[in-house]
Amino acid sequence: MNDLKDKVAIVTGARRGMGRTHALRLAKEGARVVVSDISQEDCQKVADEIKKAGGEAIAVECDVSKKKDVDDMVKKAVGEWGKVDILVNNAGICQFKPFLDLTEEEWDRTIDINLKGYFLCAQAAAKEMAKQKSGAIVNVASVAMGQVGVGFATLAHYSASKGGIIGLTETMAVELGPLNIRVNAVAPGAIETPMVDPLKQDPKTMEGVLARVPLHRMGKPEEVSNLVAFLASEQSSYMTGSTVVVDGGWLSQ
Ligand code: NAD
């Protein structure tokens, strides 16, 4: 498991949930990892976990919706290890709110973090990748990305942000391909992380979700990290602009 030896990876939203397992997995593959999120203390815990397992990591506090934070994060990665090879755009929020009650502020906050944040991080990282003419960016979308024949009640703002990520991914793939920077998206289904705690508190809703999943269980964060590690590595060297679904069969129903 040395696919990512000597690579430098940034993972956003990595203090918990899937971001944490992506960071651990990339480190296990040999990458030096920038563990980034809104809490320095929580990031440090994940970075320490990586170091304890024999890997290399630094913790960097960064709100992805703020350009200065993002630029500083990329500067820290370059300052520490001289380059950026991999970006996993993973940070996100998911607020359940009926469409008719959704406020402008709630809409803006979701779009700022889930979509603008992905643009800011990808642009800052890609500028570094362009210097070495190589890189891999993995954007975490969702099955709630639209255009798949399934709408998700109470997630208009979230779905709009995730759909935007697909357009961003495809456009970046076209523009950055000539620079040998690959850009792909992953679209997870229902994955067991703190984000879905509100769903789990309501057994009826949870039952409804699982009824739509042929494997009839939620996914584990590590099952998404397997895909992220693949897309970040040379194993996926001929893939760019793709969206890969990891959903226990949800969208096949
Ligand atoms: P999570 O809530 O555990 O993790 C999200 C992380 O993003 C948190 O650590 C949070 O602190 C961080 N974050 C929030 N706002 C931020 C900001 N402004 N700047 C930096 N970091 C910020 O949830 P998760 O399920 O691990 O989510 C990871 C990604 O996967 C998200 O993009 C989410 O939309 C996506 N996703 C999750 C599921 C699921 O079922 N859990 C399904 C599809 C897609």
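Data block above holds the structure.
In this report, the structure presented in the accompanying data block is examined. (Residues numbered from 1 in each chain as written. Predicted model: local features only at pLDDT ≥ 70, side-chain atom pairs only at ≥ 80, totals over all residues. Heavy atoms only, no water.)

Turning our eyes to something else, we now look at the site of the ligand. Within the structure, the ligand sits among 29 residues, and Arg16, Asp37, Asn90, Tyr158 and Thr193 are positioned closest to it. Interatomic distance of 2.7 Å between a side-chain N/O atom of Arg16 and an oxygen atom of the ligand. Within the side chain of Lys162, an N or O atom sits 2.9 Å from an oxygen atom of the ligand. Contact with the protein chains covers 96% of the free accessible surface of the ligand, which is 820 Å². Contributions of two or more residues to the shell around the ligand are made by α1 (17–28), α4 (104–132) and α5 (156–176). (Near = heavy atom within 4 Å. Polar contact = N/O pair within 3.5 Å; in protein donor to acceptor, adjacent residues only side chain to side chain. Areas by Shrake-Rupley, 256 points an atom, 1.4 Å probe, with all protein chains shown as cover. Helix = DSSP H or I, 4+ residues; strand = E, 2+ residues; numbered from the N terminus.)

Further remarks concern the environment of Ser237. For Ser237, the location among the structural elements is in the loop between α8 (221–232) and β7 (243–246). Owing to a relative accessible area of 44%, Ser237 belongs among the partly exposed residues under this scheme. With 47 residues separating them along the chain, Ser237 and Ala190 place their C-alpha atoms 28 Å apart. (Buried < 20%, exposed > 50% of the residue type's maximum accessible area, 1.4 Å probe, protein only.)

Time to look at unusual backbone geometry. Positive phi, normally seen in glycine, also occurs at Asp6, with a value near 70°. Residue placement: Asp6 occurs in the segment before β1 (8–11). Overall, the relative accessible area of 43% leaves Asp6 in the partly exposed class. Although it is not a glycine, Asn180 sits at a positive phi angle of roughly 60°.

The end-to-end C-alpha distance of helix α2 (residues 40–52), which contains 13 residues, comes to 18 Å, matching closely the 18 Å that a straight helix rising 1.5 Å per residue would cover. The complete set of buried residues in α2 reads Cys43, Val46, Ala47 and Ile50. Take α2 and look down its axis: the buried residues cluster within an arc of 100°, on one side only. Turned more than 90 degrees away from the buried face of α2 sit Glu41, Lys45 and Lys52, all of them exposed. In the core, the buried residues of α2 are packed alongside α1, β2 (32–37) and β3 (56–61). Phi turns positive, to about 95°, at Gly54, one or two residues after α2. (Expected span 1.5 Å × (residues − 1). Arc of directions from axis to C-beta. Contact = heavy atoms within 4.5 Å.)

This next bit is on the environment of Ile58. Residue position: Ile58 is located in strand β3. Since its relative accessible area comes to 17%, Ile58 is described here as buried. Put simply, Ile58 and Cys43 are 15 residues apart on the chain and 8.2 Å apart in space, counted from C-alpha to C-alpha.

As a further point, take the packing of α1 against α8. In the contact formed by α1 and α8, the axes pass within 9 Å of each other and the chain directions differ by 50°. When the interaxial angle is binned, α1 and α8 end up oblique. Every pair of crossing elements has a handedness; the one defined by α1 and α8 is right-handed. Here Gly17, Met18, Thr21, His22, Arg25 and Leu26 of α1 come into contact with α8, specifically with Pro221, Glu222, Val224, Ser225, Asn226, Val228, Ala229 and Ala232. For the contact of α1 with α8, the residue count by class is 7 nonpolar, 5 polar and 2 charged. (Axes fitted to C-alpha atoms, helices over the stretch in contact; angles between N-to-C directions. Parallel < 35°, antiparallel > 145°, perpendicular 65-115°, else oblique. Left-handed = near helix turned anticlockwise from the far one by under 90°. Nonpolar A, V, L, I, M, F, W, Y, C, P; charged D, E, K, R; others polar.)

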